[in-house]
Amino acid sequence: MISAARLTVRHRRMTAVDSLDLELGDGVHALLGPNGAGKSSLLRVLATAAGAVEGRLTLLERDPRRPAERLEIRRRLGYLPQTFGMFGGFTVRECVTYAAWLKDMPGRTAPEAVERAVREVGLTRRIDDKYRTLSGGMQRRVGIAQALVNRPRMLLLDEPTTGLDPAERERFQTLLRHLADSTTVVLATHLMEDVRSCCDSAVILHSGRKVFHGSLEELRAAGGYSAVIARHD
Amino acid sequence: MTVSRPLFRLPTWLRAVPGLRWPWLLSVTGVCATAAAVGSRAGEERFLPFLLLLAPLLPLLWVATSYGGKADPFAPVVRSMPSGGLRLLLLRTGVVLAYSLPLLLGAGLAGTGVSMWAAAWLVPCLTLTLATLVLGSYMGCLLGSVVTGTCWFLLVAAVFQLSMRQDGRIHSPGTALLKVLKSLLDGGAQMVWGAAAGVLAALLMLRRHSFNDLRSR
């Protein structure tokens with residue numbers, strides 16, 4: 001579903017992701033690394049919101065550099081960036097409806113999809129409340145709902161559980177496990193609890209380079225996240 | 001719990017146009033109303049140079065701020081969505097023009113009375129807006145609007161200088177400026193502005209895919 005070869009991403013003169021080779025199929029994949037490792041930059045490129053300067057990238061068997069194929073990828077994509085914002089005067093329903101409209105969803109199926117996505121993040125009772133009246137954790141859940149509304153084949157989440165209470169985090173982890181059968185989920189996080197409870201594999205980035213990719217058992221055998229990072233510091 | 005809903009709500013995509021926030025609406029309406037009031041008292045000779053000089057620029061600045069990443073809190077996600085590129089930009093441009101052009105036209109008519117000069121800025125305005133969008137595909141709409149506005153002022157200044165040299169007679173700056181603007185916006189010039197708009201529209205279609213990445217915001 002996601003295939004990258006020698007993928008390089010730069011911000012001005014700084015190399016954010018350096019010659020990354022990566023193959024990810026269906027399942028939940030944790031994207032780990034210290035601050036500034038290149039996780040968010042990589043997610044932006046996978047979300048087709050930014051381009052890579054070098055290398056080859058295939059998403060859902062399509063080439064994101066070709067406009068028509070990029071459009072097809074975007075129709076099958078859900079993306080929650082690290083900083084998520086919405087119009088404060090919109091209700092939860094309107095926030096997710098707007099996302100559905102931007103995702104080219106047909107008008108007749110959108111209302112049902114919106115209600116389903118809102119239900120999946122546990123905000124049904126607040127569906128007609130304004131975004132600005134929600135707590136930080138609830139606003140984050142609106143972000144997750146907008147990513148889920150089109151039933152994406154590829155779901156990219158940048159620190160989605162920030163601000164979520166333990167019960168909601170558990171609900172979210174169950175949701176991801178449910179999605180794992182038919183969706184490629186990339187979950188950038190600093191929370192090992194999220195990784196342990198719902199991820200099939202882990203990719204660790206350090207200074208823009210991939211320093212580990214394997215199952216959680218392999219990560220444990222390598223001494224765990226901290227040991228992998230310490231070896232490359 | 002029952003939730004009271006208004007009888008009529010604008011569609012979400014329309015309410016999401018940053019340029020249609022209340023502060024923008026009030027300030028643009030205020031500027032146009034003030035211009036109309038001042039124009040009706042000052043008379044055509046004093047009002048028209050300002051109208052012809054500034055009216056083509058107001059909508060394009062508004063368009064640019066309606067698409068910039070900072071004005072849209074949802075922009076980081078919009079960049080990864082199928083309708084987040086040129087389609088969204090054109091929708092927002094259409095909404096802004098649909099609101100601002102009648103207002104400016106009303107201000108022009110109030111200030112100058114019914115004359116062709118009250119609407120002479122319309123085609124150049126569309127051309128400059130299209131130029132902003134084309135430039136926006138390279139450098140972002142906000143910077144594109146600044147470059148377009150600067151080019152417009154430079155063009156007027158250059159023709160102003162040229163006409164002063166050729167004419168030799170001493171006019172008041174207002175009269176000289178009006179003469180220059182009228183020469184830039186008269187019937188023949190309108191054809192050139194229209195042709196330029198056509199070329200820019202074609203260029204915009206060629207550049208449509210560039211609105212899918214970060215540079216165009």
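This text follows the structure it describes.
Keep in mind that this is a model prediction, so the values were computed, not measured.

(A) Region of the structure containing the layout of surface pockets. The computed volume of the second largest pocket comes to approximately 340 Å³. In terms of lining, the second largest pocket is formed by Gly 89 and Phe 90 of chain A together with Arg 9, Leu 10, Leu 14, Arg 15, Leu 20, Arg 21, Trp 22 and Leu 25 of chain B. Among the secondary structure elements, those contributing two or more residues to the lining of the second largest pocket are helix H1 (12–15) and helix H2 (22–42) of chain B. Along the lines of polarity and charge, the residues of the lining of the second largest pocket split into six nonpolar, one polar and three charged.

(B) Quick peek at helix H6 (residues 166–179) of chain A. All names here are of chain A. The terminal C-alpha atoms of H6 lie 20 Å apart, and with 14 residues this matches the ideal 20 Å at 1.5 Å per residue to within 8%. Regarding H6, the residues found buried are Glu 168, Arg 169, Phe 172, Gln 173, Leu 175, Leu 176 and Leu 179. Buried residues of H6, seen end-on, are gathered within an arc of 160° and therefore sit on one face of the element. In H6, those exposed residues whose orientation departs by more than 90 degrees from the buried face are Pro 166, Ala 167, Glu 170, Thr 174 and His 178. Close packing links the buried residues of H6 with strand E3 (27–32), helix H4 (110–120), helix H5 (136–148), strand E6 (154–158), strand E7 (184–188) and helix H7 (192–198). The N-cap residue of H6 is Asp 165: its side-chain oxygen and the backbone nitrogen of Ala 167 are 3.2 Å apart.

(C) Main features of the sheet that holds strand E5 (residues 77–80) of chain A. Residues and elements named next belong to chain A. Read from one edge to the other, the open sheet built from six strands follows the order E5-E6-E7-E3-E8-E9, with strand pairing classed as mixed. If you trace the sheet from one side to the other, it starts and ends with E5 and strand E9 (209–215), each paired once. Across the sheet, the mean angle from the axis of one strand to that of its neighbour is 15°, orientation sign disregarded. Relative to E6, H6 is tilted by about 155°, and along the sheet it contacts E3, E6 and E7.

(D) Quick look at the state of the cysteines. Residue and element names in this part refer to chain B. In the structure shown here, the tally under the stated rule is zero disulfides over all chains. Summary of cysteine pairing: Cys 141 is not part of a disulfide, and the nearest cysteine sulfur, belonging to Cys 125, is at 15 Å. Its relative accessible area of 1% is what places Cys 141 among the buried residues. Not engaged in a disulfide, the cysteine Cys 151 finds its nearest cysteine sulfur in Cys 141; these two sulfurs lie 15 Å apart. On the basis of relative accessible area, Cys 151 is assigned to the partly exposed category, the value being 46%.

(E) Main features of the pairing of E6 of chain A. Residues and elements named next belong to chain A. For E6, a buried count of five out of five residues is recorded, marking the element as mostly surrounded by other parts of the structure. Burial of E6 is two-sided: the residues Met 154, Leu 156 and Asp 158 facing one way and the residues Leu 155 and Leu 157 facing the other way are all buried. Note: E5 against E6, four bridges, orientation parallel. Across the sheet, Gly 78 pairs through a bridge with Leu 155, a residue of E6. Examined bridge by bridge, E6 and E7 share five bridges and lie parallel to one another. Of the residues in E7, the one forming a bridge with Met 154 is Thr 184. As a crossover connection, the stretch from E6 through H6 into E7 is right-handed.

Conventions used here
- Residues numbered from 1 in each chain as written.
- Chains lettered and ligands numbered in written order.
- Predicted model: local features only at pLDDT ≥ 70, side-chain atom pairs only at ≥ 80, totals over all residues.
- Heavy atoms only, no water.
- 1 Å grid on protein atoms, 1.4 Å probe; cavity = no way out; pocket = protein on both sides within 12 Å on 5 of 7 lines; lining within 4 Å.
- Points joined across faces, edges and corners; volume = space filled by probe spheres on them.
- Helix = DSSP H or I, 4+ residues; strand = E, 2+ residues; numbered from the N terminus.
- Nonpolar A, V, L, I, M, F, W, Y, C, P; charged D, E, K, R; others polar.
- Expected span 1.5 Å × (residues − 1).
- Buried < 20%, exposed > 50% of the residue type's maximum accessible area, 1.4 Å probe, protein only.
- Arc of directions from axis to C-beta.
- Contact = heavy atoms within 4.5 Å.
- Polar contact = N/O pair within 3.5 Å; in protein donor to acceptor, adjacent residues only side chain to side chain.
- Pairing = 2+ DSSP bridges.
- Axes fitted to C-alpha atoms, helices over the stretch in contact; angles between N-to-C directions.
- Disulfide = S-S within 2.5 Å.
- Right-handed = clockwise from strand over helix to strand, strands pointing away.

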